[in-house]
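Structure assessment
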Amino acid sequence: MADKLWIGNGTASSGNYGDWSQADNWSPSGVPVASDNVRFSAEHTQAVTAGLNQSSITLGDLIVEDGYSGKIGTNTAPLQIGVTTFEYAGRGDSAFLDIAASSVNPVIHNTGSSTTGKVGLHIKGSAMGTVVVMAGSVGLGSLHGTSATVTTLRVTGGSVEIGSGSTVTNIYSFGGSVTTRTNITDCNVNGGTVTAREQAAITTLDLEDGTVNFNSEATWATVNVNGGRLSIGAGSNKTITNLTLEPGGELIYYPSNLTLSNDLPKATQPIRITTSDV
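Here the structure is a predicted model, which means the values were calculated and not measured.

**A closer look at the overall build of the chain**
Broken down by element type, the chain carries 0 helices and 22 strands. Taken along its principal axes, the extent of the C-alpha atoms in the chain is 75 × 30 × 30 Å. The burial tally for the chain puts 47% of its 278 residues in the buried class. Considering only contacts in the chain between residues 6 or more positions apart, those separated by 24 or more positions represent 29%. Accessible surface, the chain as shown: approximately 11,800 Å² in total, 45% of it carbon and sulfur. In the chain, 13 positive and 22 negative side-chain charges are present, and the distance between their average locations comes to 6 Å.

**A few points about unusual backbone geometry**
Omega for the bond connecting serine 27 with proline 28 falls within 30 degrees of zero, at -5°, which places this linkage in the cis form. Take proline 28: it is sitting in the loop between β2 (26-27) and β3 (37-40). Unlike most non-glycine residues, serine 35 shows phi in positive territory, near 80°. For serine 35, a relative accessible area of 38% translates into the label partly exposed. Its identity is not glycine, yet alanine 100 carries a phi of approximately 50°, on the positive side. Among the structural elements, alanine 100 can be located in the loop between β8 (95-98) and β9 (107-108).

**Some thoughts on the nonpolar core**
Phe40, Phe86, Leu153, Leu205, Trp220 and Leu230 are the most contacted members of the largest nonpolar core, which totals 63 residues. Discounting residues that sit within four places of it in the chain, phenylalanine 86 has contacts with Leu62, Leu97, Val104, Asn105, Pro106, Val107, Ile108, Leu121 and Ile123.

**Focus: the environment of glycine 165**
By secondary structure assignment, the location of glycine 165 is in the loop between β13 (159-162) and β14 (167-180). Among the residues examined, glycine 165 registers a relative accessible area of 47% and is labelled partly exposed. For the pair glycine 165 and leucine 140, spaced 25 residues apart in sequence, the C-alpha to C-alpha distance is 9.6 Å. Other than its neighbours up to four places away in sequence, glycine 165 contacts Thr146 and Ser147.

**A word on the pattern of salt bridges**
Two side chains carrying opposite charge are able to pair once their charged atoms lie near each other. Taken as a whole, this structure holds 6 salt bridges when the rule is applied. Across the pair arginine 181 and glutamate 161 runs a salt bridge, and its minimum N-O distance is 2.8 Å. A residue pair is termed long-range when its members are at least 10 positions apart, and arginine 181 in the loop between β14 and β15 (184-196) and glutamate 161 in strand β13 qualify at 20 residues. According to the relative accessible area criterion, arginine 181 is partly exposed, its value standing at 26%.

**Overview of the environment of threonine 203**
Examined against the element boundaries, threonine 203 turns out to sit in strand β16 (residues 202-214). The exposure class of threonine 203 is partly exposed, given its relative accessible area of 41%. Sequence separation between threonine 203 and aspartate 186 is 17 residues, and the spatial gap between their C-alpha atoms is 6.2 Å. Once residues lying within four places of it in the same chain are set aside, the contact partners of threonine 203 are Ile184, Thr185, Ala221 and Thr222.

How each quantity is defined
- Residues numbered from 1 in each chain as written.
- Predicted model: local features only at pLDDT ≥ 70, side-chain atom pairs only at ≥ 80, totals over all residues.
- Heavy atoms only, no water.
- Helix = DSSP H or I, 4+ residues; strand = E, 2+ residues; numbered from the N terminus.
- Buried < 20%, exposed > 50% of the residue type's maximum accessible area, 1.4 Å probe, protein only.
- Contact = heavy atoms within 4.5 Å.
- Areas by Shrake-Rupley, 256 points an atom, 1.4 Å probe, with all protein chains shown as cover.
- Lys, Arg positive; Asp, Glu negative; His and termini not counted.
- Charge placed at Lys NZ, Arg CZ, Asp CG, Glu CD.
- Core = buried A, V, L, I, M, F, W, Y, C linked by side-chain atoms within 4.5 Å.
- Salt bridge = Lys/Arg side-chain N within 4 Å of Asp/Glu carboxyl O.

Keep in mind that these numbers describe shape and distance, not what the molecule does.
Below, the structure is given as structure tokens:
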């Protein structure tokens, strides 16, 4: 096991700059092998543009530090590599990673700024445990034709896009925003904003604070609004099988496209309900 620092523009010809597979693009010299710890730092910001298929190895750590401003891979050619530990705080315009079947708990401290419709870090992988996002913009299988499998997503800031082909079992939202285009089993919202689009269904929603936007065409099984705001958009048909609305919670909906399988709950204190058929 060795510690490897990405330089990216070693003593070889400039034609090899940015090539992961070029030995002198690393310090100490030598292409990383299985169990090595790889680090990207602010001192060396050359983008990674070649040698991107490293799928035959699994690193120990892959750490992208705050201040690294180079790009990693592209939307059609991500960096393919196994990892045991992954932390990201880079500030490059974009990074694309395919970590395959790595059983890992990624921690995203920050990413580069993204333009509308894009994210700073794209992750594809089939065995992620807990993904923590603190800032920046992250896509989990958000590119067309890609997917990500995540047991638990914890968001305290930034934004997360979940693609329609992905699988995310649990969401815990404390801040920032999450947009999902796939089904979620348990969604716990204590702050921030969670938005469901396309045909995304939620089996159980517990809303304590923050906002949940039900903009998908789907049936949600159990919805507990203990606080915060549940906004049910116009347009496509929506169904809630079992709704609990407690004092302190707010429900905004359009009667023409919402089906409630149970009656609106009764309470001894005021509940704010807003309807519209505009």
